[in-house]
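# Notes for the structure review
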Amino acid sequence: MHRNGSCTALRLGGQTYLFDVSEGTIRQLEFTRITPSSVTKIFISHLHGDHLYGLVPAILDIMVCHKIFMLNPQKKTKHKQNHGEKATLEIYGPPGLYNYICMVLTLSCAKVNYLNINVIELVGGREEQGPIASRPRQRGRRNLFLSHYPEIEIPMITRKYLQQNKDNVWIIDDPEPITEKTVESGVEFPHQDGFHRLPNDVNLGLERRLHIKAAELDHLGGVQTFGYTVEEQPPPGNIDLEKAKALGIQPGKKYGLLKCGLSVPTDDGTGTIHPDQVLIKSFRPRKFAFLADHRRVPVPMAQLCKNADLLVHEATLSKVDGLEKVKMRGHNTAHHAGTFGKEMGCKVVALNHFGGSNIGREHVSGRVSEAQEGNQNASQIISSHDFMEVWIPRGGFDFDDTITD
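Scoring rules and cut-offs
Residues numbered from 1 in each chain as written. Predicted model: local features only at pLDDT ≥ 70, side-chain atom pairs only at ≥ 80, totals over all residues. Heavy atoms only, no water. Helix = DSSP H or I, 4+ residues; strand = E, 2+ residues; numbered from the N terminus. Buried < 20%, exposed > 50% of the residue type's maximum accessible area, 1.4 Å probe, protein only. Contact = heavy atoms within 4.5 Å. Areas by Shrake-Rupley, 256 points an atom, 1.4 Å probe, with all protein chains shown as cover. Pairing = 2+ DSSP bridges. Axes fitted to C-alpha atoms, helices over the stretch in contact; angles between N-to-C directions. pLDDT = per-residue confidence, 0-100. Core = buried A, V, L, I, M, F, W, Y, C linked by side-chain atoms within 4.5 Å. Parallel < 35°, antiparallel > 145°, perpendicular 65-115°, else oblique. Left-handed = near helix turned anticlockwise from the far one by under 90°. Nonpolar A, V, L, I, M, F, W, Y, C, P; charged D, E, K, R; others polar. Expected span 1.5 Å × (residues − 1).

Looking now at the overall build of the protein chain. Helices and strands together make up the secondary structure of the protein chain, namely 12 helices and 19 strands. Expressed as a percentage of its 405 residues, the buried residues of the protein chain come to 49%. The contacts in the protein chain between residues at least 6 apart in sequence include a share of 68% that link residues at least 24 apart. Counting only carbon and sulfur atoms, one obtains 51% of the accessible surface of the protein chain, whose full area is about 20300 Å².

Here we take up the sheet that holds strand β2 (residues 16-19). Read from one edge of the open sheet, six strands run β1-β2-β3-β4-β5-β6, paired in mixed fashion. Strands with a single pairing partner mark the edges of an open sheet, and in this sheet they are β1 (8-11) and β6 (157-163). Here the strands of the sheet are splayed against their neighbours by 20 degrees on average, with no regard to which way each runs. The pairing of strand β5 (residues 115-123) with β6 spans seven bridges and is classified as parallel. Residue pairing across strands places V119 opposite R159, the latter belonging to β6. Against the sheet, helix α4 (residues 97-107) makes contact with β4 (87-93), β5 and β6, and its axis sits at roughly 165 degrees relative to β6, the strand it touches most.

Below, the discussion takes up the confidence of the model for the protein chain. Detailed reading of the predicted coordinates is not advisable wherever pLDDT falls low. Mean pLDDT for the protein chain: 87, with 90% of residues reaching 70 or above. Contacts of residues 401-405 to residues separated by more than four positions or lying in other chains number five contacts, the stretch itself having pLDDT below 50.

Our focus in this paragraph is the sheet that holds strand β19 (residues 380-383). Reading across from one edge, β7-β10-β11-β16-β17-β18-β19 is the order of the seven strands in this open sheet, with mixed pairing throughout. Taken across any chain shown, the strands that pair with only one partner, and hence form the sheet edges, are β7 (170-173) and β19. The mean angle between the axes of side-by-side strands here comes to 25 degrees, regardless of whether they run parallel or antiparallel. In terms of strand pairing, strand β17 (residues 310-314) meets strand β18 (residues 348-352) through five bridges, oriented parallel. Bridging from a neighbouring strand, V312 pairs with A350 of β18. Packed on one face of the sheet, helix α12 (residues 361-375) meets β18 and β19 and runs near 160 degrees to β19.

Turning our attention to α4. Along α4, the residues that are buried comprise L97, Y98, N99, I101, C102 and L105. The elements touched by buried residues of α4 are α2 (55-70), β4, β5 and β6. After α4 finishes, the residue C109 shows a positive phi value of roughly 60 degrees.

Generally speaking, soluble globular proteins have nonpolar side chains that are buried together. Within the largest apolar cluster, 32 residues are counted, with the highest numbers of intra-cluster contacts made by I42, L55, I91, I101 and I157. At the level of secondary structure, the elements contributing two or more residues to this core comprise α1 (25-29), β3 (39-43), α2, β4, α4 and β5. It is α2 that contributes the most residues to this core, six residues altogether. With near-sequence residues (within four places) excluded, I157 lies in contact with Y98, I101, C102, L105, V112, I117 and V119. Listed in part, the 26 residues of the second largest apolar core include F19, V230, V312 and A350.

It is worth spelling out the packing of α2 against α4 at this point. When two helices pack together, their arrangement is given by the angle between the helix axes and by the axis-to-axis distance. Interaxial distance between α2 and α4 falls to 10 Å at its minimum, and their mutual angle equals 70 degrees. Taken together, α2 and α4 sit at an angle that is classed as roughly perpendicular. Judged by the twist between their axes, the crossing of α2 over α4 is right-handed. The residues of α4 that touch α2, namely those facing L55, V56, I59 and L60, are L97, Y100, I101, V104 and L105. Per-class residue counts for the contact of α2 with α4 are nine nonpolar, no polar and no charged.

All right, on to the packing of helix α11 (residues 334-343) against α12 then. Where α11 meets α12, the closest approach of the two axes is 7 Å, and the angle between their N-to-C directions is 35 degrees. Note that α11 runs across α12; the crossing there is right-handed. On α12, the residues touching A334, H335, G338, T339, G341 and K342 of α11 are R367, E370, A371, E373, G374 and N375.

Time to look at α2. Spanning 16 residues, α2 covers 23 Å between terminal C-alpha atoms, matching the ideal 22 Å at 1.5 Å per step. Taken together, the buried positions of α2 are occupied by L55, V56, A58, I59, I62, M63, C65, H66 and M70.

Next comes the structure, spelled out in structure tokens:
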């Protein structure tokens, strides 16, 4: 298929994050370079079927892929080095996600083994009780989204909760910055290639940690919806080896500090070397932002999107549909995607979720033109399609001030 349902994959040197998993996702992944065993995290924006119905098949496919590796004597040792005795899959999303997954697996008599699954529900938001909470007949009854049902428990699946912070943001991962203490205390990662790498090394693979955050979107009443951002730690810069030696520092841990922007003493202790003396080039961290269905982007989510290298934004409606239709349907326009990308300083805006009818070349081109009108050449505007890849270079995009078609 040229245009399947909603699913965006973020590949990060050895691991893959999926954002929403619509029906048919696994079939489409078969035609890509993404292997199911590389998927370590899945982020679900909301519990509408076109963003969710492919999740359970994806879980089972990922599990089977790990099982094949574990039962293969030639691949088992390396697989255990990367993933441990049992691989772990983390799934993030709104309350009710755990009950949905376990109910489908239980009623379909599916067995879960060879894979530990942690379902982390983002709690404390505005719409976490779901759309049925306000119905008169539901008063006094158990809430399907928040309740616990022992009948559908699965030993390999764990339910966890993550509370929002005072800024109405859910901090999924927030690694500490690299400091002198990080290196001196030996908090390094012995990588399988024999090198000792710092936590911000781009070649760290599955052990690499990133800044991952979520905040609410305004989609429809009672339908809790999240957007997500992923930002890498400031990556190490490039060091002039000969210059560092000439200034009195031989190869060692101090090079890691200099690459991370920290000053170090010379080997003989008589002086101090600053990063700007030996760094050839430094790199800013790359950022990815994902906005699913919404009619409005609240301030906390908008702040997270600032200066993203790549913003994925829906383009279900057109500006001519009018504000009332945006409010009624809970979807936004391509024009808003362009305007929002400009306001947030995003480098590239990728349009997706074009609607369910009349999706032809002319339709998509019209949405792109509308987004460009709202963006006023502040960003690159692209239309997404299945199997499209956007490579974000190290240090992020660095376009000219004036963007031409």
